[in-house]
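Observations on the three-dimensional arrangement
Residue-level listing of the chains:
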Amino acid sequence: MSRYLPLTFLLALLALCFSAGAIESALSLTGNEADLGSRFLSPSSAHFLGTDELGRDVLIRLLYGGQVSLLVAISAGLVAASIGTTIGMAAGYAGGKWDALLMRLTDMLISLPALPLLIILSALDIGKLGLGNFANAPSASLYKIVTIISLLSWTTVARLARARTLTLKEMDFVRAARALGMTGFKIVLRHIFPNLLGTVVVATALTAGNIILVESVLSFLGLGIQPPLPSWGNMLTNAQKTIWEHARLTVYPGAMIFVTVLAFNFLGDRLQHKLDPKAKNRI
Amino acid sequence: MNPAFALNRLLQALLTLLAVSFLVYTLIGLMPGDPIDLMAAGNPHFTPEDAARLRALYGLDQPLPVRYSRWLMAALQGDLGYSRLYNMPVLEVLWPRFVNTGLLLGISLIITIAFALPMGVHAARHMGSWSDRAINLFCLAGISLPHFWLGILLISLFAVTLGWLPAGASLDGEFIDDVRAMTLPVATLAVSGLAVYVRHLRAAMVDALGADHIRTARAKGCSTRRTVWNHAFKNALPPVLTILMLDLGTLFSGALTVEAVFGFPGMGKLMFDAVMGNDYNLALCGFLILTFFVLLANFMADFLYAALDPRVSYGGQR
């Protein structure tokens, strides 16, 4: 397999999903409007993957759903990576009591049953937080899911960043910087951060794959992305309802999730191998 | 085992449980649908004065810390309150569901381990061979597979297309029916867990097989079988068992997904229904019980590790 395949695949998927609107109008299909005259059509040259329970083109919906899933994965992944890197570097560089405190917090978060907690969190009424009209906007479910998932996904990055910081802290160039009177904050920013970026990128790729899985489960359960905004998860909810008549519809969204997560995991694996060719515990 | 260390860990676990309970209790206040509002919605003669009186009666007009400490005091005396959805004490609702989830997790875990053991050990013994690569690829696919989709695919194959097994998993007490109902959920969970355990086992076995005493054993003419199982596997077991114990939270998450797909009457489905049906006391207690067992498992993992590996001792003098 080509070593660039995962990255190429992800970039192509990203490009394809975000040109869903153009593809839709070019092929004169409808991905968002119901067309009750053409429900549950089989795949044909007009509808490559057929139509769903409201007569919407499945392929176009998959692309729109991909927009949402990828957007959540990338934005929540970046937020989680920022939180994780900050906490990991702070714990690793400060050491002592701060390290113990932050790592206990991380351990606690890791050990909690994640999905039950996510279910409780996603049922929260953000209207009660006093955000006003924002809470009622159609894209509110998107922001909410990104926030909730990033709050629970930073732990892997934090642990790896901390471990790397502990090693870097004792290296000669860091000690030299300290001896020259550089402040701790500057050392972390100028010397530690650039050197642990590789580790963080690997962990972020793996985290992003996991985020897609989590988002799809929540959306599948009806607690994540709310219809009519499509996501691969909530497309499966509808597909399961009609599984006895049209089992075909359950295949596509799941396959998209699977292949995308696989690509993220392969990407992480590749990068890890590049950073540390001797690593024995590869995924 | 050093008693001071054990006490310290126990205290830490209790503190965590307390923190989690406070956090979740606070969050519950942010859930949609105040119970008094719900009463008001169902009764046209309900005046704002009634609402205020009821709020005072149930102590809902008190500030959060007061409400929480009252709840905590009652909970410590074994009174977890009522479930609005089921009109029963929470514990009575939770207990049978908990047993069901335990059964589901237990059976699938046994099956997972039965497959993971030979696969992991084989992959580690033949590191770099085609079978190792195949197992690696399988694991990568396994951790990328959405569990609920696997469940749906199994339903569409075995229930819809072949008609061999039921699509739902409601238990009715008839042994044969229950076994048939549980087959697909158990299979889904077992397959989803397999990849993770094979990877851990493989890594631990690779470590164990690389140790010096393995070379010694081979040099003195120990058979391959004996070397692998008595010398290496014995050393690979403690870390894997510990990971298994630490992984209970993940297992609960997996169970929740599978229960929701199959409608299996377990803790996960219950919590999901509770959140959907605005029964927040039930959701809170369910989550705390899951957390309690996760912390218990974490606590026991430390002891297990020390018991299985005589080199490990926590702060004690030997």
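Residues numbered from 1 in each chain as written. Chains lettered and ligands numbered in written order. Predicted model: local features only at pLDDT ≥ 70, side-chain atom pairs only at ≥ 80, totals over all residues.

1. A look at the overall build of chain A
Threshold: Numbering of helices and strands runs from the N terminus; a helix is a DSSP stretch of H or I covering at least four residues, while a strand is a stretch of E covering at least two. Exposure criterion: with C-beta atoms placed from backbone coordinates, a residue whose C-beta has 20 or more other C-beta atoms within 10 Å is buried, one with 12 or fewer is exposed, and one in between is partly exposed. A pair of residues counts as a contact when their C-beta atoms, built from backbone coordinates, are separated by no more than 7 Å.
A tally of helices and strands in chain A yields 11 helices and 0 strands. Ordered by position from the N terminus, the helices and strands of chain A form the series α-α-α-α-α-α-α-α-α-α-α. For chain A, the proportion of its 283 residues judged to be buried stands at 45%. Of all intrachain contacts in chain A linking residues separated by at least 6 positions in sequence, the fraction that spans at least 24 positions is 68%.

2. Some words on the overall build of chain B
To keep things clear, this is the line we draw: When we talk radius of gyration, it's over C-alpha atoms, and the globule rule is simply 2.2 Å times the number of residues to the 0.38.
Along its length, chain B carries 13 helices and 2 strands. In terms of overall dimensions, chain B is more spread out than a globule: its C-alpha atoms have a radius of gyration of 25 Å, far above the 20 Å expected for 318 residues. Once the C-alpha set of chain B is aligned to its principal axes, its extents read approximately 90 × 60 × 35 Å. In chain B, buried positions account for 33% of the 318 residues. A sequence separation of at least 24 residues applies to 72% of the contacts in chain B between residues at least 6 apart.

3. Section: the nonpolar core
Defined as follows: As used throughout, a nonpolar core is a set of buried Ala, Val, Leu, Ile, Met, Phe, Trp, Tyr and Cys residues joined through C-beta atoms within 7 Å of each other.
Within the largest apolar cluster, 120 residues are counted, with the highest numbers of intra-cluster contacts made by A:L118, A:I119, A:I120, A:V157, B:M271 and B:A283. For this core, the element with the most residues is helix α9 (residues 184-220) of chain A, which contributes 17 residues. Every residue in contact with B:M271, bar those within four places of it in the chain, is listed here: A:P116, A:I119, B:L256, B:A283, B:G286 and B:F287.

4. Observations regarding the packing of helix α3 (residues 58-94) of chain A against helix α11 (residues 251-275) of chain A
Residue and element names in this part refer to chain A. Here is the rule: Inter-axis angles, ranging from 0 to 180 degrees, are taken between N-to-C directions of lines fitted to C-alpha atoms, where helices are fitted over the stretch in contact. The handedness criterion is simple: a crossing whose near helix is rotated anticlockwise from the far helix by less than a right angle is left-handed, and one whose near helix is rotated clockwise is right-handed. Three residue categories are used. Nonpolar comprises Ala, Val, Leu, Ile, Met, Phe, Trp, Tyr, Cys and Pro, charged comprises Asp, Glu, Lys and Arg, and polar comprises the others, including Gly.
For the pair α3 and α11, the least separation of the axes is 11 Å and the interaxial angle reads 35°. With respect to the hand of their crossing, α3 and α11 are arranged in right-handed fashion. Contacts from V58, L62, G65 and G66 of α3 reach α11 at Y252, P253 and M256. Counted by class, the contact of α3 with α11 contains 5 nonpolar, 2 polar and no charged residues.

5. Here's the deal with the interface of chain A and chain B
On the side of chain B, 40 residues touch chain A, which itself brings 37 residues to the contact. Those elements that place two or more of their residues in the side of chain A that touches chain B are α4 (96-111), α5 (114-122), α9, α10 (232-241) and α11 of chain A. Looking at the side of chain A that touches chain B, the element that brings in the most residues is α5(A), giving 7 residues. Across the side of chain A that touches chain B, the residue classes break down as 26 nonpolar, 8 polar and 3 charged.

6. Observations concerning the confidence of the model for chain B
All names here are of chain B. To keep things clear, this is the line we draw: On a scale of 0 to 100, pLDDT captures the predictor's confidence in every residue.
Averaged over every residue, the pLDDT of chain B is 80; the share at 70 or more is 91%. Taking the mean pLDDT of every element in chain B, the minimum, 67, falls on helix α2 (residues 35-42) and the maximum, 88, on helix α6 (residues 130-144). Both scores are given for the predicted complex: the pTM is 0.84, the ipTM 0.82.

7. Some points on the environment of A:M89
Residues and elements named next belong to chain A. With respect to the element layout, M89 can be found in helix α3. For the pair M89 and I192, spaced 103 residues apart in sequence, the C-alpha to C-alpha distance is 8.0 Å. Those residues in contact with M89 that lie beyond four places of it in its chain are A161, T165, V188, I192 and F193.

8. Details of helix α13 (residues 280-308) of chain B
Defined as follows: What a helix should span is 1.5 Å times the count of its residues minus one.
Compared with an ideal rise of 1.5 Å per residue, which puts 29 residues at 42 Å, α13(B) spans 41 Å between its outermost C-alpha atoms and is within 8% of the ideal. Of all the residues in α13(B), the buried ones are B:Y280, B:L282, B:A283, B:L284, B:C285, B:G286, B:F287, B:L290, B:T291, B:V294, B:L295 and B:N298.

9. Concerning the confidence of the model for chain A
On average, residues of chain A score 81 in pLDDT, and 81% of them reach the 70 mark or higher. For chain A, per-element mean pLDDT is lowest for helix α2 (residues 20-26) of chain A, which scores 71, and highest for helix α8 (residues 172-179) of chain A, which scores 90.

10. Digging into the environment of A:L223
Residue and element names in this part refer to chain A. Along the chain, L223 turns up in the loop between α9 and α10. Assessed through the 24 C-beta atoms surrounding it within 10 Å, L223 is described here as buried. With 104 residues separating them in the primary sequence, L223 and I119 have C-alpha atoms 7.0 Å apart. In contact with L223, other than residues within four places in its own chain, are I119, S122, A123 and L218.

11. Some details on the packing of helix α10 (residues 224-246) of chain B against α13(B)
Geometry of a packed helix pair, given as the angle between the helix axes and the separation of the axes. All names here are of chain B. Rules: Geometric relationships in this document are graded by angle, where less than 35 degrees denotes roughly parallel, more than 145 denotes roughly antiparallel, 65 to 115 denotes roughly perpendicular, and other angles denote oblique.
Running from N to C, α10 and α13 point in directions that differ by 170°, and their axes come no closer than 8 Å. Comparing their axes, α13 and α10 come out roughly antiparallel. Note on element contacts: α13 touches α10 through A297, N298, M300, A301, L304, Y305 and L308, opposite L237, P238, L241, T242, M245 and L246. Counted by class, the contact of α10 with α13 contains 11 nonpolar, 2 polar and no charged residues.

12. With respect to the environment of B:T216
Structurally, the position occupied by B:T216 is in helix α9 (residues 212-219). Sequence-wise, B:T216 and B:L248 are 32 residues apart; in three dimensions their C-alpha atoms are separated by 37 Å.

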